[in-house]
Structures are given as C-alpha cells and as structure tokens.
Amino acid sequence: MVSGFLRNGEFDKGFAYFKQMRKSGFCWFDQATLTTILSACGGVEFCYVNKMMHGLVLLIGYEREISVGNALITSYHKCGCLSSGRRVFDEMFERNVITWTAMISGLVQNELCEESLELFNKMRLGSVRPNSLTYLSSLMACSGSQALKEGRQIHGLLWKLGIQSELCIESSLMDMYSKCGNVNDAWQIFEFAQDLDEVSMTVILVGLAQNGFEEEAKRLFVKNFESGIEIDPNMLSAVLGVFGEDTSLGLGKQIHSSSIKRNFSFNSYVNNGLINMYSKCGDLEESVKVFSRMSQRNSISWNSMIAAFARHGDGCRALQLYEEMTAEGIEPTDVTFLSLLHACSHVGLVEKGMEILKSMTDVHGIIPRAEHYACVVDMLGRAGLLKEAKTFVEGLPIKPDVLVWQALLGACGIHGDYEMGKYAADQLLLETPESAVPYISMANIYSSRGKWKERARTIKRMKETGVVKETGISWIEIEKKVHSFVVQDRTHPQAEVIYGVLEELFGLMLDEGYMPDRRFILSYTYTKTQGDAH
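Anyway, here's the lowdown on the structure attached to this text. (Residues numbered from 1 in each chain as written. Predicted model: local features only at pLDDT ≥ 70, side-chain atom pairs only at ≥ 80, totals over all residues. Heavy atoms only, no water.)

## Considerations on the overall build of the protein chain
So, step 1. Helix and strand counts for the protein chain come out as 30 helices and 2 strands.
So, step 2. Long-range pairs, those at least 24 residues apart, make up 58% of the contacts in the protein chain with a sequence separation of at least 6.
So, step 3. Working note: accessible area of the protein chain is about 29,100 Å², and carbon and sulfur atoms make up 53% of it. (Helix = DSSP H or I, 4+ residues; strand = E, 2+ residues; numbered from the N terminus. Contact = heavy atoms within 4.5 Å. Areas by Shrake-Rupley, 256 points an atom, 1.4 Å probe, with all protein chains shown as cover.)

Laid out in structure tokens, this is it:
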C-alpha cells in the first residue's frame, strides 16, 4: 500500500499508511520499506523527510544495510543535501558498485563534475569494478566539465571491456565529444554505430548544432526523415533549435506539419521550438498562433514568445506578455529579463528598462549577468544617452566584458561619436586583441564624420596587426531555396543579372532623392568601379 501510493505521487496517503503501520504494532517495517520510501523522496521539498528517515535508520540499526545506505545517498543527492549524502557514503561499513555509482551520479546531477571524476578514479583504485551505469555517469561528468582527456581515457577503458558499442554508451560518448568541442569524434561514433535510436539521433543533432554545424544538422535530419527513421518529440525539438535567420521557412513548415501528423502538438518542447523557429525565420504571427494554441505553457514557452516579440522590435507586446506571464504566477528567469531589456532597447523605453533591471534583484532575486548590462548599455546608447551609458559601464559591480564594450561601441557608431567610440574600441581591444570589430566599427564612425585619414589609419593598423575581418553574409529565400551573398560576391549563377538590377534600382533611388550613407560610400564606389572595369 505504501509503495503503491508513493509511486502514484500520493505522498500524503503513502506516509499516512507508513505512520499507521508503525503505530499498529502488528507489523514492523524492514529495509524494503525504508528503501521504497526513500526512493520516492526525490525533490528539494523532501530534504526534511529524508533526514527523518535517516534518523529512523540509525534508531533501528539498519545503517549497516548496503541497500538502505545506497537509497539514502540517492535520495539525499536528489534533494540537494550533498553533505548528508557524502556523510552516509563515508560512514558506510561496506560499499558495492551501486554505492559508488549512486555517489558518482549524484555529484554529476548537482553539477559537481570534477569531484565526480575524482571519485570515479578513486573507485578504480579499489576492489569494486565499475559497471555500465558507472561509466555512463563518469562520461556525463566529462561532458559537464569538458574534460576531453579524461573522456578519451574512459573511452579506451570501454574498448578494453568491449562495451563501447552499447547503445547508451555510444550516445554518452557522442555527447561527451560534442560538448568537449570534438564533433569529428562524435560523428565518427555515429557513423560506425551498429544501432541507432531516437536518443542517439537527438544527441548528434544537438552536438552538430552546438559546434556551429547547423546546416549539417538539418541535412542529417532531412536525410533520416526521408529514409523513414522513427521521429520523436526530442528529435524535432533538437532540429528546431538549429534554425536561424538564414534557414528555409519551408523546411520549418514541413517539420511543423510532421509534428501535427505525429500528434506532437501537445508537446511543450516541440511547441517552444516552433515559436523560436517561426520568429527567427521572420514569421512572427505564426509564432503567436503556436503560442496561443498551447494548452500547457512553461517558463520557456513564455520566454520564447517574449523573445520573439523583442526580436521583431515589438516591445509593447513583449512587455504586455510579461504582465500576463506574472499574472498567471509564472516566475520569470534571467532569460525573460534579457528579452525584456532587448525589447525596451529597440523601442526606446529607457525608464521602463531601468525599472526592469532594478526589479531583477529587488523583486525576483536574480543577479544580472554581463548580457543584461550590455542590453542596458545598448538601450541607453540607442536613446542617445552616451554619457549616461559610459557612466553606467564605469559603475558596474562586475568587470565590463566584451559584450558591454561592444554595446557601447555600437551605440557610438549609431550617433557617430568618434571620441567615446575610440575609448570603447581601446577597451574592447584590451579584451579581444584578435577581433576585427573595434577596427571596423571605428573605421565606419570616422567615415560617417568624413574623417578619411583617420579611417585609413585604422584600416592600416588592422592589417599590420594581422587581424582579418570576418565576411558578412546576407541571404534571401526564394521558392524554398536560401540564396547567400557576401560583399562584392560574383559567384552566384545570376550575378550579372543581380548587379544589373541593383544598379538600376540605385539610379531610381537617387532620382527619388535618396542620399547614400557616407559610411558605405567607399564600399559602393569600389563596387561601382569594379563593375565598370568589367
């Protein structure tokens, strides 16, 4: 009875029967009863219950039972009582493989990955042999701490044991290599895997996306989708996460259609991915439709929709949705405030933005990150309050990082303030001397003010230091195909036609009274000259 109620989440009834069992005197609970109750106490709210059960264990003399000790370690780690779990482990008279695995896994679950690996190495020096679950936990620790060297060593051990091809082991190895930035090794494991399931497919898709191989992730998904591989919600959520502004909306709609056919419309992770996909591909209203149809929304759903409004410059709707979110009792996260500050920046709501920043700590107890401060600097800068932005930066409780200085430099670029711009660029160069951003931004600021000599000196300095500007890309989707372009690009099959149309349009724009932006006059003149030369 106790076990049945606890497994169904009816904790009050389960504990009531346990108390009745103790008081009756007709039956006495044994170690099975204790482990059953402890296995159900897996949340922060059960910390007190775990300590009470631990007291009973000591009272009736079950502390020498390995199964009870293992259950205590697991339950303590699940509710975040790390010191209590470690104390149980240290005081155990005997430990088996489950004991060690529970401790190693518990440390990983609480993001103490380095400590977990240390314990794994200590275990290997003893007489207890790790099992598959122990190795899985240690690989998770390598993923969490990006410990590639240790991960490779564990991979070698798995080869020696002949269990490297187990499905769960392969997925964990792919995850470890991906999170350590070694996507080639992850791909090799995927390519040579004898069996593939939805988990391994999801892992490799996420791994490719996290390492900048978004196009490869999409191609892999399409290839496997067309070959008839089983698609699950996690896989769809993973592939939707790789969509960016340069992605085909047509492919996104096909994935949406596939999710409807498979009855995934009630899955919040898929819906959250669809909201992000549509907003990034430029279709804000489809994002709104997906959000409005959701029967259950979590904080990620609200954050995704607020971010979508902010991304499209609709600050008023973003702020309105935030009010609805809090009215429904959904607690905002640091991501919520990042989107809200971004929204305020784009619509010039400086006072509201500063109010939101203050409420982060004062009302919600969330400490702002560098990204939040960079948003505030951008907001002040866009509003023309450059002096206030500089004062804000100088008064930050943390050391300003690259994002903050880039925001200030960008604001100077909007308003052509080369004096403050040079100050921000110098600070940015100290943080990232290999970046082209400070040089290009200052060159554009000097161009906007007609200071061509200063611009030339800045570009010369950039070339002398060996810094290379990353090529910017523009794109457009026509008939479900994305066409990408770079500056002075003539590799497109229809390049001559495109340049002909652009030249014709530019002439019409001048006739209508258009005045070219002086920051780009040199670029246009150069392009025009090159075109005439042909």
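## Considerations on helix α26 (residues 418–431)
So, step 1. Given a rise of 1.5 Å per residue, 14 residues ought to cover 20 Å, and the 20 Å separating the end C-alpha atoms of α26 matches this to within 8%.
So, step 2. Taken together, the buried residues of α26 touch α24 (386–394), α25 (402–415), α27 (437–448) and α28 (452–464).
So, step 3. Two or three places before E419, at the start of α26, stands the capping residue D417, its side-chain oxygen 3.3 Å from that residue's backbone nitrogen. (Expected span 1.5 Å × (residues − 1). Polar contact = N/O pair within 3.5 Å; in protein donor to acceptor, adjacent residues only side chain to side chain.)

## Regarding a negative patch on the surface
So, step 1. Together, E114, E115, E118 and E150 make up a negatively charged patch on the protein surface.
So, step 2. In this structure, E118 sits in helix α8 (residues 113–125).
So, step 3. For E118, a relative accessible area of 56% translates into the label exposed. (Patch = residues over 30% accessible without salt bridge, like charges linked within 9 Å, V, L, I, M, F, W, Y side chains within 5 Å. Salt bridge = Lys/Arg side-chain N within 4 Å of Asp/Glu carboxyl O. Lys, Arg positive; Asp, Glu negative; His and termini not counted. Charge placed at Lys NZ, Arg CZ, Asp CG, Glu CD. Buried < 20%, exposed > 50% of the residue type's maximum accessible area, 1.4 Å probe, protein only.)

## Quick look at the environment of S116
So, step 1. With respect to the helices and strands, S116 occurs in helix α8.
So, step 2. The buried category is assigned to S116, whose relative accessible area is 1%.
So, step 3. Along the primary structure S116 and S137 are separated by 21 residues, whereas in three dimensions their C-alpha atoms are 8.5 Å apart.
So, step 4. Aside from chain neighbours lying at most four places away, what touches S116 is I104, L107, V108 and A141.

## Here we look at empty space enclosed by the protein
So, step 1. Throughout the structure, instances matching the rule amount to 1 cavity of 30 Å³ or more.
So, step 2. By volume, the largest cavity amounts to about 60 Å³.
So, step 3. In terms of lining, the largest cavity is formed by L117, F120, N121, R124, E150, Q153, I154 and L157.
So, step 4. Elements represented by at least two residues in the lining of the largest cavity include exactly α8 and α10 (148–161). (1 Å grid on protein atoms, 1.4 Å probe; cavity = no way out; pocket = protein on both sides within 12 Å on 5 of 7 lines; lining within 4 Å. Points joined across faces, edges and corners; volume = space filled by probe spheres on them.)

## Some words on α8
So, step 1. When the terminal C-alpha atoms of α8 are compared, their 19 Å separation across 13 residues agrees well with the 18 Å that a helix rising 1.5 Å per residue should span.
So, step 2. Those residues of α8 lying buried are C113, S116, L117, L119, F120 and M123. Here the buried residues of α8 occupy an arc of 160 degrees about the axis, which is enough to place them on one side. Structural note: α8 exposes E114, E118 and L125 on the side pointing more than 90 degrees away from its buried face.
So, step 3. Residues of α8 that are buried in the fold lie against α6 (82–91), α7 (97–109), α9 (132–145) and α10. (Arc of directions from axis to C-beta.)

## Thoughts on the packing of helix α23 (residues 370–382) against α25
So, step 1. Axis separation between α23 and α25 bottoms out at 8 Å; the angle between their running directions is 10 degrees. Overall, the two elements α23 and α25 adopt an arrangement that is roughly parallel. Touching A370, E371, Y373, A374, V377, D378, G381 and R382 of α23 are L403, V404, A407, L408, A411, I414 and H415, all from α25.
So, step 2. Of the residues contributing to the contact of α23 with α25, the split by class is 10 nonpolar, 2 polar and 3 charged. (Axes fitted to C-alpha atoms, helices over the stretch in contact; angles between N-to-C directions. Parallel < 35°, antiparallel > 145°, perpendicular 65-115°, else oblique. Nonpolar A, V, L, I, M, F, W, Y, C, P; charged D, E, K, R; others polar.)

## Digging into unusual backbone geometry
So, step 1. With a phi angle near 65 degrees, E111 is a residue other than glycine that sits in the positive phi range.
So, step 2. By secondary structure assignment, the location of E111 is in the loop between α7 and α8.
So, step 3. The exposure class assigned to E111 is exposed, which follows from its relative accessible area of 70%.
So, step 4. Even without being a glycine, N263 presents a positive backbone phi close to 60 degrees.
So, step 5. As for its placement among the helices and strands, N263 is situated in the loop between α16 (249–261) and α17 (268–280).
So, step 6. Given the relative accessible area of 54%, N263 is considered exposed.

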